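Coordinate inspection notes
Listed here are the chains, written in short residue letters.
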Amino acid sequence: MKLDCLVIAAHPDDAEISVGGTLLKLAQAGKQIGVVDVTRGELGTRGTSEDRAREAAAASELLGLAVRHNLDAGDGRVVVTAALRERLAAIIREHAPELVLCHHTDDLHPDHAASGQLARDAWYLAGLGRLAEEVGGAPAHRPERLYEFPGHVPFDPTFVVDIEPVWEQKVALVQAYASQLAPRDASDEGAHFLFGADIIQRMETKARFFGERAGMKLGEPLLHKGPLPAFDPLLG
Ligand SMILES: [Zn+2]
C-alpha cells in the first residue's frame, strides 16, 4: 500500500508522543500514514508487551493508520545490523512514502539512537536499485524527505509543526497507552518518570517550549539534516 508518511520509532507510543500532533494533522489532510515500531516495548517498567500491543492498536485506530508494522528487534537491544536495515528498507520500498519521520540519532536511550540510525540507513538503502532487484519485491524508492524528532536531547529544529488545533486529540492518543500512565502497583513510585513529571506533562512542556520558539502555543519540532532547497526565495 502506498503511504504519504512513514514513522519509524523504537517503542510502541514513541510515535504518538513525539509526532502524534503532526500525524493527526496529516491524517486530517487525508494523507496515508504508517508506523513501524522497532520493538514491542517488552522491557518497559509498566505494562506487558500484550498491554502495549493492545494499546498501540487502539492508538492506531484513533490515528486512522493505514498500516503498523513491528520489527520485534528486542527492547533495550536494538542494534543496527545489515539484516535489520534491509528488512526496514523493504518496508519503505513497499509503501513508498514521500516522508519518513524517525528519532534523532543523538539520544540518551540507546534504542532511540539506534532506531534513528536504523531508519536513516534503511531510508538510504531503499533507494538502491541493485539491492531492490536482488531482494525482489517493490522497486527502489528513497523518500524525498527524512526528518528527525527529538527524545531526551533537544536540537535546534528546522521546522516546528503547529499542533495547537489537535492538542486535545494528541492527549487522547497518548492516553490510549493507559499502562504507561498509571502506577503498576503500590511499589511503583514513578521513579522512571524524568523530573517527577508524567508523560503528558513532559509532552506539554516540550510542546510549549518548541512552540514558543516558533511563535505558536504548542509545537512539535522536526530536524532536517543539511540544507533544504528554496525554490521560492521569498517563502522557502
Ligand atoms: Zn521509546
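From a predicted model like this one, the values you see are computed outputs, not experimental measurements.

1. What about the overall build of the protein chain?
- The helix and strand inventory of the protein chain stands at 7 helices and 7 strands.
- Secondary structure elements of the protein chain occur, N-terminal to C-terminal, as β-α-β-α-β-α-β-α-α-β-β-α-α-β.
- For the protein chain, the C-alpha radius of gyration of 17 Å lies close to 18 Å, the compact-globule estimate for 236 residues.
- Considering only C-alpha atoms, the protein chain reaches an extent of 55 × 45 × 30 Å along its principal axes.
- Counting only contacts in the protein chain whose residues sit at least 6 apart along the sequence, the fraction spanning at least 24 positions is 78%.

2. Description of the environment of Gln-175
- Within the element layout of this structure, Gln-175 appears in helix α6 (residues 167-175).
- Looking at Gln-175, the number of C-beta atoms within 10 Å reads 17, which means it is partly exposed.
- Each C-alpha atom of the pair Gln-175 and Leu-218 lies 18 Å from the other, and the pair is 43 residues apart in sequence.

3. Re unusual backbone geometry
- Positive phi, close to 50 degrees, is recorded for Asp-72, a residue that is not glycine.
- Among the structural elements, Asp-72 can be located in the loop between β3 (67-70) and α3 (82-95).
- The phi torsion at Ala-96 lies on the positive side, around 45 degrees, for a residue other than glycine.
- Assignment of secondary structure puts Ala-96 in the loop between α3 and β4 (99-103).

4. A word on the sheet that holds strand β1 (residues 5-9)
- If you walk across this open sheet you meet the 5 strands as β3-β2-β1-β4-β5, and the pairing is parallel. The sheet is open, and its two edges are formed by β3 and β5 (145-149), each paired on a single side. Between one strand axis and the next, the sheet turns through 15 degrees on average, direction left out of account.
- For β4 and β5, the ladder comprises 5 bridges, and the chain directions are parallel. From the neighbouring strand, Val-100 faces β5, where its bridge partner is Leu-146.
- Each of β1, β4 and β5 touches helix α4 (residues 110-125); the most contacted strand, β4, lies at about 155 degrees to it.

Procedures and definitions
Residues numbered from 1 in each chain as written. Predicted model: local features only at pLDDT ≥ 70, side-chain atom pairs only at ≥ 80, totals over all residues. Helix = DSSP H or I, 4+ residues; strand = E, 2+ residues; numbered from the N terminus. Rg over C-alpha atoms; globule rule 2.2 N^0.38 Å. Contact = placed C-beta atoms within 7 Å. Buried ≥ 20, exposed ≤ 12 C-beta atoms within 10 Å, placed from the backbone. Pairing = 2+ DSSP bridges. Axes fitted to C-alpha atoms, helices over the stretch in contact; angles between N-to-C directions.

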